[in-house]
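Spelled out from the first residue to the last, the chains are:
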Amino acid sequence: MTAIFFDLDDTLYNQLQPFQSAYNAVFSHITNISILELFKKSREYSDRVFHLTESGEMPVEEMHRNRVVYAFDHFGYQISKEEAMEFQKIYKDHQYKISLVPEMENILNYLSTKNIPLYILTNGPSNHQRLKIEALNPFQWIPKNHIFISSEVGYAKPQIELFEHVNAQTKTTASTSFIIGDSYENDIIGANNADWNSIWLNTKQRKMPLNQRHPNYEVTSYQKLEEIIKNIF
C-alpha cells in the first residue's frame, strides 16, 4: 500500500513566516537584503553542519546562532552574537505559532479520502519539533504514532538507515513510499538512496546540485503540489 511521509519545516508550514517576523523585530533597520535570500543562506549553513548537532559535536544553540551570523556575513553585514541570539529567540517563539499552509490542508484532506497512510518524517531535536507539530495540530490526518523525529530514532535524513527504520516500523516498502520535502540534500537524496519515491517541494527556487539524481517530481508552489498529488493519487 502507498504511504506518504511529509517533511515538517518548510513543507507542512512556510518557515519563511516566523523568520520574517524575527527579522522585522531585530533587523528592521537593514532594508537592502532579500529576506528570502538571507533565509536560504541560513538554511544552507544549517544543512551543512546538522550532522554535527546530531552527533553532539556542536550544540544546537551554537548552530542556530552561527547560521544567522553566517547568512548576514554573506551579504556583507557583521552582526553581534547578541543580535543573533535575540533573533533566534524570537524566531523560535514564532515557530510555535505556525499553521498549516492552506493547500497542505487540502492535500491532507484529499489523501485521507483515499485512505492513504500519512506520516511525518523530520530531522531535529525532539522537543522543538514536537512543539511545532502540536502548533500545527495535524492529528486528524496524521496520528501521533505516525511521527518520526531523527533525534528520537537515532538516524537523520539523508541516512539510509532512517528510511529503512521507518519502513520496518510502519510495515511499508521502499517502492511504495513517497516523501514530500523541501530539502534536496536531506529529503530527495535520502529518498533516492533508499529507493523511495520523492516529491521535491522547491518553493524557494533552490538549484539542484550537479550530478545528482532527480526527484520523481519537482514542484515550485503549494498550488502545483496540490495539483500533482491529485494527478498521482
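Above: the structure in question.
The following refers to the structure shown. (Residues numbered from 1 in each chain as written. Predicted model: local features only at pLDDT ≥ 70, side-chain atom pairs only at ≥ 80, totals over all residues. Heavy atoms only, no water.)

For the structure on display, the rule yields 15 aromatic pairs. Geometry around Tyr 70 places Arg 48 over its ring, the cationic atom sitting 5.0 Å from the centre. The ring of Phe 139 is capped by Lys 144, whose NZ or CZ atom sits 4.9 Å from the centre of that ring. (Phe/Tyr/Trp six-rings, centres within 6.5 Å; stacked < 30°, edge-to-face > 60°. Lys NZ or Arg CZ within 6 Å of the ring centre and 35° of its normal.)

So, on to the pattern of salt bridges. Scanning the model with the defined rule gives 13 salt bridges in all. A salt bridge links Arg 130 to Glu 152, with the nearest nitrogen and oxygen atoms 2.8 Å apart. Taken together, the positions of Arg 130 in helix 6 (residues 126-136) and Glu 152 in helix 7 (residues 150-153) put the pair 22 residues apart, joining distant regions of the chain. For Asp 187, the salt bridge is made with Lys 157, and the minimal N-O distance between the two is 2.7 Å. One end of the pair, Asp 187, is in helix 9 (residues 184-194); the other, Lys 157, is in the loop between helix 7 and helix 8 (160-170), with 30 residues separating them in the sequence. Residue class for Lys 157 comes out buried when judged on its relative accessible area of 3%. One continuous salt-bridge network, built from bridges that share partners, spans Asp 7, Lys 157 and Asp 187. (Salt bridge = Lys/Arg side-chain N within 4 Å of Asp/Glu carboxyl O. Helix = DSSP H or I, 4+ residues; strand = E, 2+ residues; numbered from the N terminus. Buried < 20%, exposed > 50% of the residue type's maximum accessible area, 1.4 Å probe, protein only.)

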